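Residue-level structure breakdown
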Amino acid sequence: MSTSPSLSKLVKRFCRILPKHAVLSEKEQLYPYECDALTAYRQTPLIALVPENQKQIQAIVDICRELKIPIVARGAGTSLSGGALPHAKGVLLNLAKLNNILEIDLDNRTATVEPGVTNLAISDAAKRYGLYYAPDPSSQLACTIGGNIAENSGGIHCLKYGLTVHNVLALKVLTIGGEILELGGKQPDSPGFDLLALMNGSEGMLGIVLQATVKLLPEPHSRKVLLAAFNCIQDAGNAVAAIISSGIIPAGLEMMDHFAVKATEQYCSPGYPKDAAAILICELDGFEEDLTDQVAWVQKILNKHRPVEVRLAKDKQEEELLWKGRKSAFPALGNLTPDYYCMDGTIPRKHLAKTLEEINVLSEKFGLRVANVFHAGDGNLHPLILYDANQEGELEIAEELGSEILQLCVKMGGTITGEHGVGIEKLDQMCVQFSPAELNTFHAIKSAFDEYELLNPGKAIPTLHRCAEFGAMHVHRGRLPHANLPRF
Amino acid sequence: MTDIRSDIASRVEDACRQGQALQILAGNTKFFYGRKIQETPLSVLEHSGIIEYEPSELYITARCGTPLNEIEQAIKTENQILPCEPPHFGAAASIGGMVAAGLSGPRRASSGAIRDCLLGVEIINGKGEYLRFGGKVMKNVAGYDASRLMCGALGTLGILMSVTLRLVPKPQHEQTIAITLNPADAILKMNFWARTPMPITATFHDGRDLYIRMAGSPSTIKRFADKVKGEPIDQGDIFWTNIKEQAYDFFLTDEPLWRILVPPSTKPLDCPGSCVMEWNGALRWYATHVKAPAIHSIAKQAGGHACQFRNQIDTQQVFHPLPSGLLEIHRKLKRAFDPQGILNPGKIYSEL
Ligand SMILES: Cc1cc2nc3c(=O)[nH]c(=O)nc-3n(C[C@H](O)[C@H](O)[C@H](O)COP(=O)(O)OP(=O)(O)OC[C@H]3O[C@@H](n4cnc5c(N)ncnc54)[C@H](O)[C@@H]3O)c2cc1C
């Protein structure tokens, strides 16, 4: 039983606006919310609320504003950066029950949905009209559109069809002030500043998404999938650059290194050449007539980069098998190791080979294996650091290695996160990527929406104080003093 | 090449200290767009030149004063284009002005707006601080998306010093075809086609004829041109340049020209005046003397918004009025970037 009187008062207050079963405050009820998909960070919230409609959310926000209680919104909890990590003294706002598809507007090719609708459910609902929602994170079966917007999520097909920000047309956002903002619309452009873009990737810190209208695209006429295997990773990297600069934008262009290939073969036998140093999977889509030429063209480019094999999938079955391997890469590697830590840096494509080399050097230096599976077409790397949390100190080594990999990405002219967000995880690396004046601007943006820092406080943007501390520590390359203390 | 960044930064710093408002200028080709303001001019045109262009990376970084012409020439030789097909409205148009105005061209409905291809910016804010947001890579979610905030803000949040834009390959082959259709049928057709995979990269309806630009291999184009039963027209390039640059007859009017954006399938609006359409019907240009509040209300009823684009009669409300809650957030954001309110004050709304 919860003992704190203030907690029991609070529970009572929430029970006045929500059904009893929607107010969770017992330890075992809170346990499932303890972490998102970044399991290294855990924290139970003070209270978890499971509203069923907009009115209830508004009432919750009114109470939290009045009592200055932090709110962390949660979709499916698949964030890989600790974005949905609860606040010890706050409300965890589970939006999963707001999962209605409100409208499919065929004439304007849009879907209007509640925030808890899953990514895949949108495409499923649009399918019978021959339409689909383009951004396709690997987690699409589980993750919600609210979470996708908060993280500006990407997927395999983002190379051609853009990220979440390019595919969301309108949002209804509830501010902590209790105001409902209507941003964007089914019409293009909006008067005033582009707040619609600002909301994408804002990690639940500027407002709560109550409703989203997204763009639906017609299913492409036709698709082709190619596999190419290489003996050396540089050749694969150069082939990627050559394809993109030849005037073709593939629907997807993915790369896996030797280690990832081997793991996947063991896991689900997608038919990848086991000895290859790297493989590329290239999907082309468009009109049948154009595709034949494009495939021939891409094959020619691949053949110029000393492949050991170039294979065009014969039929839909083989195409699916080739993709299955890529999509199972994480679980496949998970099979080989007790724990893994997934990084998300992005670099300009031309530095692919060099960056991979340096990651190898770092991997050796820290004594942990790193597998590489990534969106090569847009330079978004997902190095997976394999470690064992049960081994004393290994998590810390993994984190330190991860931190160096991200700093390497910044050095290469890239960024510390391409699609997973900063969350709680990459706060220190934000200090590397941004100057104090830039960070101050971010804080000022936050404050324009949420003066008292009640929405997802302590995430995404580090304080200057924290950066100063990180800078000092960084010079000494020491362990964090009081590593368990919050450093917001 | 002179780098005048530090000069500009210190001028802004001084202005901030003295509370002196500045009017940021480059090519001044879009002088007609937005509310009229008259402040101490600060030209950034001199800060010019392409900083980085690597065709295989599909991006270009250029200083704000770089002529749009120079950029389009440079990428053309590598068979690339700006996906948003921006209007120039004059030879002096600069890349910074393009981003600040945020006006996209005919390709908007098929390959996105200026904000969609904007990867990163470097700005000087209203305190004279030099800031960088976004970057050179398409995938980047570190920090709030402050770079896209600059797009369409008409210089009210910061002075763009350099911008990085995503490029796309130029379509191998394009062909424009025309069909005679009344506006209501044209809207139906465009939006029906948009639901199926069609190689359409631009649409324009002049009140009588619907013009459709298709891209792809000649055989693909032929197949779809036959399907829509259109007549090919010659010199499609020139045709679309005239639409984009508003050199087409319709635009050469002395009447107030309104830019109205609505959900694309919206039926013809009940609004007196003459009208042409782009973007599958989502963009409707009206030449009309109807008063501003009436047009704003027509646009709003259709679920859209309206702006007085050229030949304004009401110089107060140029852009669609914002609801008070939204305006308040705008005010606070303006203060976050420009606490003294010295950068192009009043250019979008009198309050900003
Ligand atoms: C196996 C696996 C594969 C993945 N693959 C990809 C991938 O390919 N590409 C990719 O980009 N990501 C990927 N992810 C990461 C993750 O799925 C995405 O970040 C996803 O968008 C999170 O959605 P969610 O509903 O789970 O959000 P949550 O994890 O619940 O929350 C994420 C953030 O969104 C906020 N939030 C949630 N709902 C709202 C709302 N309504 N309003 C405001 N803020 C809200 C939360 O506060 C939090 O900050 C993967 C994750 C896993 C576990």
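Residues numbered from 1 in each chain as written. Chains lettered and ligands numbered in written order. Predicted model: local features only at pLDDT ≥ 70, side-chain atom pairs only at ≥ 80, totals over all residues. Heavy atoms only, no water.

**A short note on the overall build of chain B**
The following threshold applies: In DSSP terms, a helix is any run of H or I states spanning at least four residues, a strand is any run of E spanning at least two, and both are numbered starting from the N terminus. Just to be clear, the radius of gyration here is over C-alpha atoms, and the globule rule we use is 2.2 Å times residues to the power 0.38. Per-residue accessibility, obtained with a 1.4 Å probe over protein chains only, is compared with the maximum for each type, and a residue is labelled buried under 20%, exposed over 50%, and partly exposed between these values. Note on definitions: a residue-residue contact is assigned when non-hydrogen atoms from the two residues lie within 4.5 Å. Computed with the Shrake-Rupley method and a 1.4 Å probe, the accessible areas treat only the protein chains shown as cover for residues.
Along chain B, the regular secondary structure elements total 11 helices and 17 strands. For a compact globule of 352 residues, the expected C-alpha radius of gyration is about 20 Å, and chain B comes in at 21 Å, within 12% of that figure. By its C-alpha atoms, chain B is 65 × 50 × 35 Å across when sized along the principal axes. Buried residues in chain B amount to 63% of all 352 residues. For chain B, long-range pairs separated by at least 24 residues make up 68% of all intrachain contacts whose partners lie at least 6 apart in sequence. Roughly 13400 Å² of accessible area belongs to chain B as shown, and the carbon and sulfur atoms make up 49% of that amount.

**Some remarks on the interface of chain B and chain A**
We apply this condition: Accessible area that two parts lose when put together, with a 1.4 Å probe and added across both, is what the buried area reports. Salt bridge, as applied in this entry: a Lys or Arg side-chain nitrogen positioned within 4 Å of an Asp or Glu carboxyl oxygen. Under the rule applied, a polar contact is a pair of N or O atoms within 3.5 Å (in protein, one hydrogen donor and one hydrogen acceptor; residues adjacent in sequence only if both atoms are side-chain atoms).
Opposite the 72 residues of chain B that make contact, chain A presents 81 residues. Interface area for chain B against chain A, summed over the two sides, is near 6300 Å², with a carbon-plus-sulfur share of 62%. In terms of surface lost to chain A, no three residues of chain B exceed B:Lys139, B:Val141 and B:Tyr144, which account for 16% of the buried area on that side. Between B:Glu54 and A:Lys350 there is a salt bridge; the shortest N-O distance is 2.3 Å. Linking chain B to chain A there are 27 residue pairs in polar contact (both at pLDDT 80 or more). For the side of chain B that touches chain A, the elements supplying multiple residues, two or more each, are strand 3 (50-54), helix 5 (114-117), strand 7 (130-134), helix 6 (146-150), helix 8 (218-228), strand 14 (257-261) and helix 11 (324-337) of chain B. Residue contributions to the side of chain B that touches chain A peak at nine residues, all from helix 11 of chain B.

**A look at the pairing of strand 8 (residues 159-166) of chain B**
A regular strand places its side chains on the two faces of the sheet in alternate fashion. Residues and elements named next belong to chain B. Threshold: Following DSSP output, two strands are said to pair if at least two bridges run between them.
A large share of strand 8 lies buried, amounting to eight of its eight residues. As defined by bridge partners, strand 4 (residues 59-63) adjoins strand 8 across five bridges and the pair is classed as antiparallel. Residue pairing across strands places Ala62 opposite Val163, the latter belonging to strand 8. Of the pairings in the sheet, the one linking strand 6 (residues 118-124) to strand 8 comprises six bridges and is antiparallel in character. Along strand 8, the bridge assignment pairs Ile124 with Ile159.

**As for empty space enclosed by the protein**
Counted only if it meets this: Method remark: on a 1 Å grid restricted to protein atoms, a set of points is classed as a cavity if a 1.4 Å probe fits but cannot get out and as a pocket if it is open with protein on both sides within 12 Å along at least five of seven lines; lining residues have an atom within 4 Å of a point. Grid points are joined across faces, edges and corners, and a volume is the space filled by probe spheres set on the points. Amino acids are sorted into nonpolar (Ala, Val, Leu, Ile, Met, Phe, Trp, Tyr, Cys and Pro), charged (Asp, Glu, Lys and Arg) and polar (every other residue, Gly among them).
Tallied over the full model, the rule gives four cavities of 30 Å³ or more. Of the volumes computed, that of the largest cavity is approximately 230 Å³. Lining the largest cavity are 22 residues; nearest its centre among them are B:Gly134, B:Asn140, B:Asp145, B:Ser147 and B:Arg148. Per element, the largest residue contribution to the lining of the largest cavity is three residues, and it comes from helix 6 of chain B. Residue composition of the lining of the largest cavity, by class: 13 nonpolar, seven polar and two charged. Of the voids in this model, the second largest cavity is the one considered here, and its volume is about 160 Å³. Lining of the second largest cavity is provided by 16 residues; of these, A:Arg349, A:Gly377, A:Asp378, B:Glu57 and B:Met138 occupy positions nearest its centre.

**A few points about the sheet that holds strand 14 (residues 278-286) of chain A**
Residue and element names in this part refer to chain A. Rule in force here: Only the contacting stretch of a helix is used when fitting its axis, a line to C-alpha atoms as for every element, and angles between N-to-C directions run 0 to 180 degrees.
Taken in spatial order, the seven strands make up an open sheet running 15-12-14-13-17-18-16, and their pairing is antiparallel. Lying at the two open borders of the sheet, with one neighbouring strand each, are strand 15 (307-312) and strand 16 (339-342). Here the strands of the sheet are splayed against their neighbours by 20° on average, with no regard to which way each runs. Pairing between strand 12 (residues 222-230) and strand 14: nine bridges, direction antiparallel. If you follow Leu226 over to strand 14, its bridge partner there is Cys282. Strand contacts of helix 12 (residues 316-327): strand 12, strand 13 (252-257), strand 14, strand 15 and strand 17 (370-374), with the helix running at about 55° to strand 12, the strand carrying the most contacts. On the sheet, helix 13 (residues 329-336) packs against strand 13, strand 16, strand 17 and strand 18 (383-387) and is oriented at approximately 170° with respect to strand 17.

**Thoughts on the state of the cysteines**
For clarity, the threshold we go by: Note on disulfides: each one is a pair of cysteine sulfur atoms within 2.5 Å.
Overall, the coordinates contain one disulfide over all chains when judged by the stated rule. What pairs with A:Cys431 in a disulfide is A:Cys467, and their sulfur atoms sit 2.1 Å apart. Looking along the S-S bond of the A:Cys431-A:Cys467 disulfide, the torsion reads about -80°, which is the left-handed sense. Here the residue A:Cys431 occupies a position in helix 16 (residues 427-433), and A:Cys467 occupies one in helix 18 (residues 464-476), the gap between them amounting to 36 residues. For the residue pair A:Cys431 and A:Cys467, the accessibility class agrees, reading buried in each case. Here A:Cys232 is not disulfide-linked; the sulfur of A:Cys282 is the nearest cysteine sulfur, at 19 Å. The cysteine B:Cys64 is free of any disulfide, with B:Cys151 supplying the nearest cysteine sulfur at 15 Å. Judged by relative accessible area, B:Cys64 falls into the buried class, the value being 2%.

**Considerations on the packing of aromatic side chains**
All names here are of chain B. The cut-off we apply is this: Between 30 and 60 degrees the pair is tilted, below 30 it is stacked and above 60 it is edge-to-face, where a pair is any two Phe, Tyr or Trp rings, Trp via its six-membered ring, whose centres lie within 6.5 Å.
Tallied over the entire structure, the rule returns 22 aromatic pairs over all chains. Between Phe239 and Tyr248, the aromatic rings sit 5.8 Å apart at their centres with planes inclined by 80°, giving edge-to-face as the arrangement. Assigned by exposure class, Phe239 and Tyr248 land together as buried. Consider the rings of Phe250 and Phe251, whose centres lie 5.2 Å apart with planes at 85°: the pair is edge-to-face. With a relative accessible area of 15%, Phe250 lands in the buried category. Counting every residue linked through ring pairs, the aromatic cluster contains Phe31, Phe32, Tyr33, Phe89, Phe250, Phe251, Trp285, Phe309, Phe319 and Tyr349.

**A short note on the domain arrangement of chain A**
Residues and elements named next belong to chain A. Heads up, the condition is: Domain limits in this description derive from either an automatic procedure or a database domain assignment.
If you check the domain split of chain A, you get domain 1 (7-94), domain 2 (101-218), domain 3 (222-331) and domain 4 (337-477). Here domain 1 and domain 2 have C-alpha centroids that lie 23 Å from each other. With 14 residues of domain 1 at the interface, the matching set in domain 2 holds 14 residues. In total, domain 1 and domain 2 occlude about 1100 Å² of area from one another, counting both sides; carbon and sulfur atoms represent 66% of this. At the surface where domain 1 touches domain 2, the tally comes to zero salt bridges.

**Re the pattern of salt bridges**
All names here are of chain A. Tallying each qualifying case throughout the model produces 45 salt bridges over all chains. Residue Asp62 pairs with Arg65 through a salt bridge whose shortest N-O separation is 3.0 Å. With a gap of three residues between them, Asp62 and Arg65 both fall in helix 3 (residues 54-67), about one helical turn apart. Taking relative accessible area as the criterion, Asp62 reaches 35% and is therefore assigned partly exposed. We note a salt bridge from Arg306 to Asp235, for which the minimum N-O separation is 2.8 Å. Of the two residues, Arg306 sits in the loop between helix 11 (288-303) and strand 15 while Asp235 sits in helix 9 (residues 233-245), which places them 71 residues apart along the sequence. Judged by its relative accessible area of 8%, Asp235 is buried.

**Section: the domain arrangement of chain B**
Residues and elements named next belong to chain B. Here chain B is partitioned into domain 1 (5-169 + 331-337), domain 2 (174-244) and domain 3 (252-310). Using C-alpha coordinates to define each centre, domain 2 is positioned 22 Å away from domain 3. Taken together, the contacts link 12 residues of domain 2 with 13 residues of domain 3. For the domain 2 and domain 3 pair, buried surface summed over both sides reaches about 920 Å², with 63% attributable to carbon and sulfur atoms. When the area that domain 2 buries against domain 3 is broken down by residue, the three leading residues are Ile187, Asn191 and Thr203, summing to 46%. Taken together, the links from domain 2 to domain 3 amount to zero salt bridges. Run the count over domain 2 and domain 3 and you get four residue pairs in polar contact (both at pLDDT 80 or more). Within the residue set of the side of domain 2 that touches domain 3, elements represented by two or more residues are helix 7 (183-193) and strand 11 (200-205). By residue number, the principal contributor to the side of domain 2 that touches domain 3 is helix 7, which donates five residues. Taken together, the residues that form the side of domain 2 that touches domain 3 break down as seven nonpolar, four polar and one charged.

**Description of the packing of helix 9 of chain A against helix 11 of chain A**
Residue and element names in this part refer to chain A. The condition that has to hold: Helix crossings are classified by the rotation of the near helix relative to the far one: an anticlockwise turn of less than a right angle makes the crossing left-handed, while a clockwise turn makes it right-handed.
Remark: helix 9 packs on helix 11, axes separated minimally by 9 Å, with the N-to-C direction vectors making an angle of 145°. The way helix 9 lies across helix 11 gives a crossing that is right-handed. On helix 11, the residues that touch Ala239, Ala242 and Ile243 of helix 9 are Val298, Ile301 and Leu302. When its residues are assigned to classes, the contact of helix 9 with helix 11 shows six nonpolar, no polar and no charged.

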